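Descriptive structure summary
Chain residues, written in single-letter form:
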Amino acid sequence: MHNHTIAELAAGLKAKKFSSKEITEAFLKRIKELDNKLNSFITVCEEQAHKDAQIADAMLAKGNAKPLTGIPIAQKDIFCTQGIKTTCGSKILDNFIAPYDATTITHYKQAGAVLLGKTNMDEFAMGSSNENSFYGPVKNPWDLNRVPGGSSGGSAAAVAARLAPGATGTDTGGSIRQPAALCNLTGLKPTYGRVSRYGMIAFASSLDQGGPMARTAEDVAMMLGVMAGFDTKDSTSVDKPVPDYTATLNDSLAGIKIGLPKEFFNAGLDANIAKVIEAAIKEYEKLGATIHSISLPNCELSVPAYYVVAPAECSSNLARFDGVRYGFRCANPKDLEDLYKRSRGEGFGAEVKRRIMIGTYALSAGYYDAYYLKAQKIRRLISDDFRQAFSQVDFILGPTSPSTAFKIGEKSNDPIKMYLSDIYTIAANLAGLPGMSIPAGFVDGLPVGMQLLGNYFTEARLLNVAHGYQQVTDWHKKTPENF
Ligand code: GLN
């Protein structure tokens, strides 16, 4: 059961080969047996999953099922779930039971999907390795001594180990694409505004986007169809019709123009990863694509610009965690100031504190112009680079991550090294563009992801380009041994 894709499970449900109850029980059993090796779930929603499966089976019996009805989905623990603990990977929310559902959760509920559990993540989605979680690091199913990537590392590990057929992630600087790459998954970060952020705990609001992670582009297309759409509760969500993302998956790729940014293939890229990406480019040529060399001259500034903008926004967003209204409160506070100081001091982890301090500094009078305004100007230059590139090509192709999965502990004491894990992914967030990571091969037994970036709201075509590649390759079908 667990080796089926979402599309296969949905077809089996429709054909009455099995019920949602059977699928759900199979995945819950795998989580019970195997997640002690991975730590990919913070909360397993056994009771809720059984309830949801019952509702789904009734919908299927009545013939009013939707594409994801009866499919178990793991939700990143950043999405608020009514009545179920939502921690965002932080001690400060360890006791937080959300009083409402995030729009993404509502959409999955309305689709008849099953809530399997809430996945582990870097605290407040800050990280590239999942080592920053209050609930401990997540292990990569391809090698248990290595990280799954972050911050959606729990979602990535769970899907890669077949503990869930699909999971949600959020991507502020690469947190869907980088863990997808490190765990051999297909992940999509939508255009900013395509998926509602309501009830998705905010890290950096102008960059955050939720999106799907699964094994195939087809599964990702099915999930995006559920997640996308206008939401009156999120003023940055865009009022644009949601296409059927599965309808155009098989369109021809003949004549498609793919751009290779010369800055993505420089000395910082591991030579073996470069070889894998070059082989993928050849596949695209065989499918009829034409390859063009392009330049994104300002993208080398994306990491420094991001590490001003993201901390600035997080310092403001995380001000709400004060120990008063909800979340962790320190024991026996002397007075109000002591309560604030110790609740935040004891509730937040080291990386979150580092970001709040950097952000507060960058926004303070006298430094605002020098740091924050400068970073915003760079952000515009990066958007302009992409605008120029998309006047020449349809898609941009390159590596997702400069290295394969690294060892747990290898970069955790060197923040700059860790921050550079996102060197190829961050620019898309700064510009608000959609991007995907797709399995493209292996180096020393570890998965390599290829990144595809498209122009605004080209998700359907991006998925078509990814699906076309998955029809002629089988990297996405490889399973980690022991899972
Ligand atoms: N790794 C980046 C960071 O630490 C991006 C995280 C994300 O996309 N949520 O901020």
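Above this text sits the structure in question.
Residues numbered from 1 in each chain as written. Predicted model: local features only at pLDDT ≥ 70, side-chain atom pairs only at ≥ 80, totals over all residues. Heavy atoms only, no water.

Quick look at the site of the ligand now. Neighbouring residues of the ligand: 15 residues in total, closest G173, S175, Y306, R355 and D422. Between the ligand and the protein, one listed contact pairs a nitrogen atom with a backbone N or O atom of A125 at 2.8 Å. Between the ligand and D422, the relevant distance is 2.5 Å, taken from a nitrogen atom to a side-chain nitrogen or oxygen of the residue. (Near = heavy atom within 4 Å. Polar contact = N/O pair within 3.5 Å; in protein donor to acceptor, adjacent residues only side chain to side chain.)

Moving on, we come to the packing of helix α1 (residues 6-14) against helix α7 (residues 217-227). The relative placement of two packed helices is expressed as an angle between their axes plus a distance between the axes. It is the contact of α1 with α7, at a shortest axis distance of 8 Å, that shows an interaxial angle of 70 degrees. Comparing the axis directions of α1 and α7 gives the class roughly perpendicular. In this structure, α1 uses I6, A7 and A10 to contact α7, whose residues at the interface are E218, D219, M222 and M223. Of the residues in the contact of α1 with α7, the class split is five nonpolar, no polar and two charged. (Axes fitted to C-alpha atoms, helices over the stretch in contact; angles between N-to-C directions. Helix = DSSP H or I, 4+ residues; strand = E, 2+ residues; numbered from the N terminus. Parallel < 35°, antiparallel > 145°, perpendicular 65-115°, else oblique. Contact = heavy atoms within 4.5 Å. Nonpolar A, V, L, I, M, F, W, Y, C, P; charged D, E, K, R; others polar.)

The next thing to look at is helix α2 (residues 20-38). Quick reminder: α-helices carry 3.6 residues per turn. Residues three or four places apart thus point the same way. If you check α2, its first and last C-alpha atoms are 25 Å apart, about what 19 residues at 1.5 Å a residue would give, namely 27 Å. Largest kink in α2: about 40 degrees, centred on K32. Here α2 has its buried residues at S20, I23, T24, F27, L28, R30, I31, L34, D35 and L38. As for α2, its buried residues are in contact with α1, β1 (41-44), α3 (46-62), β2 (72-76), β3 (114-119) and α5 (153-160). Immediately beyond the C-terminal end of α2, within one or two residues, lies N39, with a positive phi of roughly 65 degrees. (Expected span 1.5 Å × (residues − 1). Bend = angle between axes of the 7 residues up to and from the residue. Buried < 20%, exposed > 50% of the residue type's maximum accessible area, 1.4 Å probe, protein only.)

Attention now goes to the pattern of salt bridges. Applying the stated criterion across every chain yields a total of 18 salt bridges. For E25, the salt bridge identified is with K21, shortest N-O distance 3.3 Å. Residue E25 and its partner K21 are both found in helix α2; the two are separated by four residues, about one turn of the helix. A network of salt bridges, in which partner residues are shared, links D338, R342 and E346. (Salt bridge = Lys/Arg side-chain N within 4 Å of Asp/Glu carboxyl O.)

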